[in-house]
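Breakdown of the fold
Spelled out from the first residue to the last, the chains are:
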Amino acid sequence: MTSPPSLEYMDTSPFEAHPDGVRLFLHLTPGASKNALVRLGPDANNQMRLRALVTTVPEQGKANKAIIKILAKKLRLPRSDIRIIAGQQSREKTLLLSGNPANLLDRLSCLLTESGM
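The structure contained in this document is the topic of the report that follows. The written sequence of each chain sets the order in which its residues are numbered from 1. Only residues with pLDDT of 70 or above have their local features reported here, since the model is predicted, and side-chain atom pairs are shown and tallied only from 80 upward, although totals for entire chains, interfaces and linings are computed over all residues. Only hydrogens and water are set aside when side-chain values are computed; all heavy atoms of the structure are taken into account.

1. Brief notes about the pattern of salt bridges
Salt bridge criterion: a side-chain nitrogen from Lys or Arg within 4 Å of a carboxyl oxygen from Asp or Glu. This model, assessed by the stated rule, comprises 3 salt bridges. Note that Arg23 is salt-bridged to Glu16, the shortest N-O span being 2.4 Å. Exposure remark for Arg23: the relative accessible area of 27% places this residue in the partly exposed category. Here the residues in one salt-bridge network are Asp43, Arg49 and Glu92, joined through shared partners. Burial classes follow relative accessibility: with a 1.4 Å probe on protein chains only, a residue under 20% of its type's maximum area counts as buried, one over 50% as exposed, and anything between as partly exposed.

2. Things to note about a positive patch on the surface
The patches reported here contain residues having more than 30% relative accessible area and no salt bridge. Joining distances are 9 Å for like charges and 5 Å for nonpolar side chains (Val, Leu, Ile, Met, Phe, Trp, Tyr). Only the protein chains shown count as cover for residues, and all accessible areas are computed by the Shrake-Rupley method using a 1.4 Å probe. Counted charges follow a simple rule, with Lys and Arg positive, Asp and Glu negative, and His plus the chain ends left uncounted. By convention, charge coordinates are those of NZ in Lys, CZ in Arg, CG in Asp, or CD in Glu. Together, Lys69, Lys73, Lys74 and Arg79 line one region of the surface with positive charge. Numbered from the N terminus, helices here are DSSP runs of H or I no shorter than four residues, and strands are runs of E no shorter than two. For Lys69, the location among the structural elements is in helix α1 (residues 62-75). The exposure class assigned to Lys69 is partly exposed, which follows from its relative accessible area of 48%.

3. Quick look at helix α2 (residues 101-114)
A helix is expected to reach a length of 1.5 Å times the quantity of its residues less one. The terminal C-alpha atoms of α2 lie 20 Å apart, and with 14 residues this matches the ideal 20 Å at 1.5 Å per residue to within 8%. Buried residues of α2: Leu104, Leu108, Leu111 and Leu112, and no others. Within α2, the buried residues cover an arc of 95° as seen down the axis, which keeps them to one side. Facing away from the buried side of α2 by over 90 degrees, the exposed positions are Asp106, Thr113 and Glu114. Lining the buried residues of α2 we find β1 (15-18), β2 (21-29), β3 (36-42), β4 (48-53), α1 and β6 (92-98). Between N or O atoms, a polar contact is any pair within 3.5 Å; within protein, one atom must be a potential hydrogen donor and the other a potential acceptor, and residues adjacent in sequence are included only when both atoms are from side chains. The backbone nitrogen of Ala102 lies 2.9 Å from a side-chain oxygen of the residue at the head of α2, namely Asn100. Looking one or two residues beyond α2, the residue adopting positive phi is Gly116, at roughly 75°. The arc in question is the one spanned by the directions pointing from the helix axis to the C-beta atoms. Any two residues having at least one pair of non-hydrogen atoms within 4.5 Å are treated as being in contact.

4. Section: the nonpolar core
Counting 26 residues, the largest nonpolar core has Ile67, Ile82 and Leu95 as its most contacted members. The greatest single-element share of this core, amounting to 8 residues, is contributed by α1. Discounting chain neighbours no more than four positions away, the residues touching Ile82 are Ile68, Leu71, Ala72, Leu77, Leu95, Leu96 and Leu97. We call a set of buried residues a nonpolar core when its members are Ala, Val, Leu, Ile, Met, Phe, Trp, Tyr or Cys and they connect through side-chain atoms within 4.5 Å of each other.

5. Comments concerning α1
Compared with the 20 Å implied by 1.5 Å per residue over 14 residues, the 20 Å span of α1 between its first and last C-alpha is a close match. Contacts from the buried residues of α1 go to β2, β3, β4, β5 (82-86), β6 and α2. Downstream of α1 by a residue or two, Arg76 has a phi angle that is positive, lying close to 55°.

6. A short note on unusual backbone geometry
Positive phi is not limited to glycine here, since Asn46 has a value of about 65°. The topology assignment puts Asn46 in the loop between β3 and β4. Even without glycine at this site, Gln60 takes up a positive phi of about 55°. Residue position: Gln60 is located in the loop between β4 and α1. Residue Gln60 is classed as exposed on the basis of its relative accessible area of 71%.

This is how it looks when you write it as structure tokens:
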């Protein structure tokens, strides 16, 4: 039995300020029964990630487009302000949300609070 990851080494936030906005660390599960932002959890490197579900399949970028659409709606941002900067073909993704970092961090914090995370 393995022990849970040590919080001492874990980045406890799924997002961080960036000069162009905010980086959001995400774990995406395509082909789910519903679209949802479900919880926070660490990846294999102890990076905290927002866990998301989308109903679309992971072919031809459909799941990537779906999560961008969901985040744009929930954060009230144009889709063009959200782009995947790492993990295009992986479940572990890094997205860049363009805009004022302080404003975006507030929106993300509110989203997590509203979602009970």
